[in-house]
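So the chains spell out like this:
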Amino acid sequence: MASVVEYKGLRAGYRCGYCGADDGKASCGMWAHSMTVQDYQDLVDRGWRRSGKYVYKPVMNQTCCPQYTIRCRSLQFQPSKSQKKVLKKMLKFLAKGEVSKGHCEDEPMEPILEDAVAGDVALINKLDVQCDLKKLGDTLKESLEREEKKKGKPAKKEDAKEVTQSQEREELGSGEPSRSVEVRATPQPGKGADLSKPPCRKAKEIRKERKRLKLMQQNPAGEPLGVQAQRGPKTEPQQPRSLEELIFESLPENASHKLEVRVVRSSPPSSQFKATMLESYQVYKRYQMVIHNHSPDEPTVSQFTGFLCTSPLEPENPPNGPDCGYGSFHQQYWLDGKIIAVGVIDILPYCVSSVYLYYDPDYSFLSLGVYSALREIAFTRQLHEKVPQLSYYYMGFYIHSCPKMRYKGHYRPSDLLCPETYVWVPIEQCLPSLENSKYCRFNQDPEAADEGRSKDPDRLRVFHKKAIVPYGVYRRQQQDPGEEAAVRQYASLVGQACAERMLLLRS
């Protein structure tokens, strides 16, 4: 099925969930009745993000807290010292039941999803009732069949209800991930570390280096006399342990606890998801009450399903794709037979996209925010073994102007998306610019433009009165100038490729 969206336009001057400003937020949004994974991949590579079925894009040069799409290059990822500590802490807890004391090494919490799209919540709830894809199903199916017949192609058979039974190969499209560019940024005095110079070293490290040089002078071979004989034959330098070795270190047979991570399809809900949904909701409810100070009656089941379970992404199970298929999933963390955390993720053609995480507050001492991110990076690498082009871990938005939200930049190597040309730039090259200005164009080439921009809006596809027509035909039938402005704004934001593939629903 083709993607079907309703563009809702610009919403500005509403509350920001990051800095708390009452009227600082600005974004454009659309309601997605359905969406292919390739279309959503192309949209996130243009700065879009979803919350339930609502897909939104911050207006970067207007909003109070610019939100830059960030991705981690999972294949080159090496955990930092603090991230390794989190993994070791989990292993000690599983092996011996040890609970670390003192400071909990975890990341700041994302604002609740309602805050992330604050001001749109009432609209989302209203659309969730009004915009039922079933109402469009029959007429849309007929329209698509007519369009396929005109092209001389057989109409596609309806997908099997059960994901595991889907045998038909789905077209993923010909889009490629956005390009990366190298940006040379010259740090200014007093504006943070000079990234062109080596990092500062501790005095202890400098003393060690001096001692090593002194020993080298004593013996050209690099060893003082007699030391080699004492140490025995030289050994190769030890390679750092991989992320997988750190996560999946073997536990003793009498381990105190057992941790299991299950990936279950959330939309459409699989049998495993249905069987565990109530337990998962209870974890979410406790998380909202303890972490975000909600009252017991606030985190409702409908809110939970609307924001974290419902998804516009159509499930796809091509033979050359991941074993679990593409689409929306919950990654459940089971400790001794009960759910303690859930990571909401989308599996797309080129990436695993993190949507949200919630967990049982009783297990905050395990730093589940950091731990789940590391597990999701490892999961991305696992999927890459079957699907070579799937190699990135998208972490949502990086917000430099909000210091507590900079933690996503700790997963290196990572890139930020240029908000004007939509190319990826290494985060190290972006940080000096962000120290000077909240909003930045990362691509330093003044001649560079958005290569995926809308060049021919008339080729955009419109779904109107049970028919699919090019926008050029639809436009001649309309008299409202505001209509044309809205459609052209939509086309400029989604880009030419998505505008030609997706169906823009007009009443």
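Now for a look at the structure at hand.

### Considering the overall build of the protein chain
- Helix and strand counts for the protein chain come out as 14 helices and 15 strands.
- Looking at the 507 residues of the protein chain, the share that counts as buried comes to 50%.
- The long-range share in the protein chain, meaning contacts at least 24 apart out of those at least 6 apart in sequence, stands at 71%.

### Some thoughts on the packing of helix 2 (residues 81–96) against helix 11 (residues 368–386)
- Relative orientation of the contacting elements helix 2 and helix 11 amounts to 100°, with a least axis distance of 10 Å. With respect to their mutual orientation, helix 2 and helix 11 come out roughly perpendicular. In contact with Gln83, Val86, Leu87 and Met90 of helix 2, helix 11 contributes Leu368, Val370, Tyr371 and Leu374.
- Partitioning the contact of helix 2 with helix 11 into residue classes produces seven nonpolar, one polar and no charged.

### Structural notes on a positive patch on the surface
- On the surface, a cluster of positive charge is contributed by Lys81, Lys85, Lys88, Lys92 and Lys96.
- Tracing the backbone shows lysine 81 in helix 2.
- In this structure lysine 81 comes out as exposed when scored by relative accessible area, which is 67%.

### A closer look at the nonpolar core
- Residues Met30 and Tyr358 are the most contacted members of the largest nonpolar core, which totals 104 residues.
- In terms of residues, this core owes the most to one element, helix 11, which gives nine residues.
- Excluding residues within four positions of it along the chain, tyrosine 358 makes contact with Ser280, Val283, Tyr284, Tyr287, Phe304, Leu308, His330, Ala341, Val342 and Val344.
- Of all hydrophobic cores here, the second largest spans eight residues; its members include Tyr18, Ile399, Cys402 and Tyr407.

### Here we look at helix 14 (residues 481–501)
- Spanning 21 residues, helix 14 covers only 24 Å between terminal C-alpha atoms, well under the ideal 30 Å at 1.5 Å per step.
- Glycine 495 marks where helix 14 bends most, by close to 115°.
- Here helix 14 has its buried residues at Glu483, Val487, Tyr490, Ala491, Leu493, Val494, Gly495, Gln496, Cys498 and Ala499.
- Measuring from the backbone nitrogen of glycine 482 back to the side-chain oxygen at the start of helix 14 gives 2.9 Å, which picks out aspartate 480 as the cap.

### Some remarks on the environment of histidine 330
- With respect to the helices and strands, the residue histidine 330 is situated in strand 7 (residues 327–335).
- Sequence separation of histidine 330 and cysteine 309 is 21 residues, and the distance between their C-alpha atoms is 8.2 Å.
- In this structure the side chain of histidine 330 is engaged in a polar contact, spanning 2.7 Å, whose partner is the backbone oxygen of leucine 308.

About the thresholds
Residues numbered from 1 in each chain as written. Predicted model: local features only at pLDDT ≥ 70, side-chain atom pairs only at ≥ 80, totals over all residues. Heavy atoms only, no water. Helix = DSSP H or I, 4+ residues; strand = E, 2+ residues; numbered from the N terminus. Buried < 20%, exposed > 50% of the residue type's maximum accessible area, 1.4 Å probe, protein only. Contact = heavy atoms within 4.5 Å. Axes fitted to C-alpha atoms, helices over the stretch in contact; angles between N-to-C directions. Parallel < 35°, antiparallel > 145°, perpendicular 65-115°, else oblique. Nonpolar A, V, L, I, M, F, W, Y, C, P; charged D, E, K, R; others polar. Patch = residues over 30% accessible without salt bridge, like charges linked within 9 Å, V, L, I, M, F, W, Y side chains within 5 Å. Areas by Shrake-Rupley, 256 points an atom, 1.4 Å probe, with all protein chains shown as cover. Salt bridge = Lys/Arg side-chain N within 4 Å of Asp/Glu carboxyl O. Lys, Arg positive; Asp, Glu negative; His and termini not counted. Charge placed at Lys NZ, Arg CZ, Asp CG, Glu CD. Core = buried A, V, L, I, M, F, W, Y, C linked by side-chain atoms within 4.5 Å. Expected span 1.5 Å × (residues − 1). Bend = angle between axes of the 7 residues up to and from the residue. Polar contact = N/O pair within 3.5 Å; in protein donor to acceptor, adjacent residues only side chain to side chain.

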